[in-house]
Amino acid sequence: MAQSLTKIPFVDELAAIADNMYRLGWDERNGGNISYLIPEKEVAEYIDVTNVMRTIPLGFDAVELVGKYFLVTGTGKYFKNVKGDPKTNLGLFRIAKDGATAELLWGYVDGGKFTSELPAHLMSHIARLNVDPQNRVVMHTHPTNLLAMTYVHELDTKKFTHTLWQMSTECIVVFPDGVEVLPWMLCGTNEIGVATAEKMRDARVVVWALHGIYGAGKTLDETFGLIETVEKASEIYIKTAHLPRSNTIKDEQLVELAKHFNCNYRKEFLDIE
Ligand code: 13P
Ligand code: ZN
């Protein structure tokens, strides 16, 4: 059992996931960021929600999230350091009544602030909460093989998803909604946030070509598992794309899988049925 650092379960949970992602080589330097929606009741068990330490302007409108609490990695912070010093590398804030300000309640103790990708995170939370009120996590990371794949595979959502589904039998079951692909865009902007959130209405995974990936889900484990499965499929692709293909998972077999596991897959990503 890992030693608890802060005795705040949701902080230790996020720190453990960030550490794991760093070990997988996905989050070099300050690469990657995580946002975790925590219910007020849970926050209040460990943190004084009446003591606002600082306010930080968001730079965009998050009025749909007023009163919600988020634990978020800091900008410029390294995933490898989160576990050892969560209070510097993470912050917990509430979206203020104006929908445009973060009220810092815990963390960012060196005067830091939330990730530069907060627009993509919070806009994605809004999009996913509309689809699934249980959604609590948005995760951005730079998985090596997925990133490599975006250099050599056509950047078309249908073709990209189809290739990934063929790379391992469980893919269509784990991400039946497929992966939405965005072309290269300037990161850390409201524009990439809007584009990501728009894709998040249809899928829990959004690929940022030549940069990385976004995943969303109910729990940190589930979201990590989703990205891990996409990354594994990308690895199979990278290991086989240059070799003659003798075998493949046929579309009929993908349908068979989806039916057997009762998955509502994106039918438009296959050429049959
Ligand atoms: P931050 O350090 O601001 O979180 O940025 C890292 C990153 O991955 C940018 O896309
Ligand atoms: Zn990034």
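For the structure given in this document, a descriptive report is provided here. (Residues numbered from 1 in each chain as written. Chains lettered and ligands numbered in written order. Predicted model: local features only at pLDDT ≥ 70, side-chain atom pairs only at ≥ 80, totals over all residues. Heavy atoms only, no water.)

### Quick word on the site of ligand 1
Next, step 1: Inspection of the region around ligand 1 gives Asn30, Gly31, Gly32, Asn33, Thr75, Gly76, Thr115, Ser116, Glu117, His140, His142 and His211 as its neighbouring residues.
Next, step 2: Contact distances for ligand 1 include 2.7 Å between an oxygen atom and a side-chain N or O atom of Thr75.
Next, step 3: In the environment of ligand 1, an oxygen atom lies 2.5 Å from a nitrogen or oxygen atom belonging to the side chain of Glu117.
Next, step 4: A per-class count over the shell around ligand 1 returns no nonpolar, 11 polar and one charged. (Near = heavy atom within 4 Å. Polar contact = N/O pair within 3.5 Å; in protein donor to acceptor, adjacent residues only side chain to side chain. Nonpolar A, V, L, I, M, F, W, Y, C, P; charged D, E, K, R; others polar.)

### Digging into the sheet that holds strand S5 (residues 101-107)
Next, step 1: The strand order across the open sheet formed by nine strands is S2-S5-S4-S3-S1-S6-S9-S8-S7, and the pairing between neighbours is mixed. Two strands close off the open sheet at either side, each with one partner strand: strand S2 (54-57) and strand S7 (179-182). Sheet twist, expressed as the mean angle between neighbouring strand axes with direction ignored, is 25°.
Next, step 2: Where S7 meets strand S8 (residues 205-208), four bridges bridge the pair, whose relative direction is parallel. Residue pairing for S8: Val181 is matched across the bridge by Val207. (Pairing = 2+ DSSP bridges. Helix = DSSP H or I, 4+ residues; strand = E, 2+ residues; numbered from the N terminus. Axes fitted to C-alpha atoms, helices over the stretch in contact; angles between N-to-C directions.)

### Observations regarding the packing of aromatic side chains
Next, step 1: Within the structure shown, the criterion is met by seven aromatic pairs.
Next, step 2: Ring centres 5.9 Å apart and planes at 80° place the aromatic pair Phe10 and Tyr46 in the edge-to-face group. With Phe10 in helix H1 (residues 9-23) and Tyr46 in helix H2 (residues 40-46), the pair connects residues that are 36 residues apart, well separated along the chain.
Next, step 3: A ring pair is formed by Phe93 and Phe114, whose centres lie 5.6 Å apart and whose planes are at 55°; its orientation type is tilted. Of the two residues, Phe93 sits in strand S4 (residues 90-95) while Phe114 sits in the loop between S5 and helix H5 (118-131), which places them 21 residues apart along the sequence.
Next, step 4: Put simply, the rings of Phe70, Phe93 and Phe114 pair up and form one aromatic cluster.
Next, step 5: We note Lys267 situated over the ring of Tyr265; from NZ or CZ to the ring centre the distance is 4.3 Å. (Phe/Tyr/Trp six-rings, centres within 6.5 Å; stacked < 30°, edge-to-face > 60°. Lys NZ or Arg CZ within 6 Å of the ring centre and 35° of its normal.)

### Let's talk about unusual backbone geometry
Next, step 1: Even without glycine at this site, Tyr108 takes up a positive phi of about 45°.
Next, step 2: What makes Tyr108 buried here is its relative accessible area of 2%.
Next, step 3: With a phi angle near 65°, Leu210 is a residue other than glycine that sits in the positive phi range.
Next, step 4: Tracing the backbone shows Leu210 in the loop between S8 and strand S9 (212-217). (Buried < 20%, exposed > 50% of the residue type's maximum accessible area, 1.4 Å probe, protein only.)

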